[in-house]
Amino acid sequence: SAPPPDDGAACAALEARAREAEERAVLRALREGLRDGGFAEFGMRDLALCGALNAGYLLRLSIEPVLEGLDPEIYGQFHGAEGGDVGDAAFGGRVLVFRRGYSTESTEGRQLVPKLDYLQASLVQRLYDSITGVLSEIQGTSRAALDDLTFSVTNSS
């Protein structure tokens, strides 16, 4: 006859599977959030580009991490079933770095919107200053009137 089932071991195995499923769900949500936010993984191509553009600047950024003691399987765990080639990952897949792209800002023609933003901010600041000035005067006048009232009540009694 078969030995009786070990409820403790079955419970522990069930809890372990539940933890793994929860971790996978969190990693999947993180991956989707990064992708939806326009983030891209920093890879070997990005490292090569940084090195080619300005090696001195790259050194000031302290991008070269200390890799000892870091989990070499984090890349595979993060990408899950989607996989991915660790050879394309920066730092051997031991570090996951994300960037949100490179861009330049340029303006052609008249800069109407930035000027309107400045005028709006200036108008709001002036209104705020005038309202707080009036409120300060009201507060000072009401405080003086209250002090006079308190003084006259205490003198009449």
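Rules and cut-offs
Residues numbered from 1 in each chain as written. Predicted model: local features only at pLDDT ≥ 70, side-chain atom pairs only at ≥ 80, totals over all residues. Heavy atoms only, no water. Helix = DSSP H or I, 4+ residues; strand = E, 2+ residues; numbered from the N terminus. Buried < 20%, exposed > 50% of the residue type's maximum accessible area, 1.4 Å probe, protein only. Contact = heavy atoms within 4.5 Å. Areas by Shrake-Rupley, 256 points an atom, 1.4 Å probe, with all protein chains shown as cover. Phe/Tyr/Trp six-rings, centres within 6.5 Å; stacked < 30°, edge-to-face > 60°. Lys NZ or Arg CZ within 6 Å of the ring centre and 35° of its normal. Patch = residues over 30% accessible without salt bridge, like charges linked within 9 Å, V, L, I, M, F, W, Y side chains within 5 Å. Salt bridge = Lys/Arg side-chain N within 4 Å of Asp/Glu carboxyl O. Core = buried A, V, L, I, M, F, W, Y, C linked by side-chain atoms within 4.5 Å. pLDDT = per-residue confidence, 0-100.

Caption draft 1: Seen up close, the overall build of the protein. For the protein, the helix and strand inventory stands at five helices and two strands. Listing every helix and strand of the protein by position from the N terminus yields α-β-α-α-α-β-α. Considering the protein as a whole, with its 157 residues, one finds that 10% of them fall into the buried category. Relative to all contacts within the protein whose residues are 6 or more apart in sequence, the contacts with residues 24 or more apart total 66%. Only carbon and sulfur atoms are counted for the fraction: they give 58% of the accessible area of the protein, which is about 13,000 Å².

Caption draft 2: Local environment of the packing of aromatic side chains. Here the structure, examined in full by the defined rule, presents one aromatic pair. Between Phe78 and Phe98 the ring centres are 5.7 Å apart and the planes differ by 55°, which places this aromatic pair in the tilted class. Separated by 20 residues along the polypeptide, Phe78 in helix 4 (residues 74-79) and Phe98 in strand 2 (residues 98-99) bring together distant segments of the chain. Here Phe98 falls in the partly exposed class, since its relative accessible area comes to 26%. The ring of Phe78 is capped by Arg31, whose NZ or CZ atom sits 6.0 Å from the centre of that ring.

Caption draft 3: Representation of a nonpolar patch on the surface in the model. The grouping of Leu123, Leu127, Ile131, Val134, Leu135 and Ile138 at the surface amounts to a nonpolar patch, some 580 Å² of accessible area in total. Structurally, the position occupied by Val134 is in helix 5 (residues 112-156).

Caption draft 4: Seen up close, the environment of Ala40. Assignment of secondary structure puts Ala40 in strand 1 (residues 40-41). Residue classification places Ala40 among the partly exposed residues on the basis of a relative accessible area of 28%. Taking C-alpha positions, Ala40 is 5.4 Å from Arg99, a pair spaced 59 residues apart along the chain. Filtering out sequence-adjacent residues up to four positions away, Ala40 remains in contact with Val97, Phe98 and Arg99.

Caption draft 5: Broad picture of the nonpolar core. In terms of nonpolar packing, the biggest core is built from six residues, these being Phe42, Leu47, Cys50, Ala90, Phe91 and Val95. Excluding anything up to four places from it in sequence, Ala90 contacts Phe42, Gly43, Met44, Leu47 and Val95.

Caption draft 6: Structural context of the confidence of the model for the protein. When pLDDT is averaged along the protein, the result is 78; 75% of the residues meet or exceed 70. Per-element mean pLDDT across the protein ranges from 57 in helix 3 (residues 55-60) up to 87 in helix 1 (residues 7-36).

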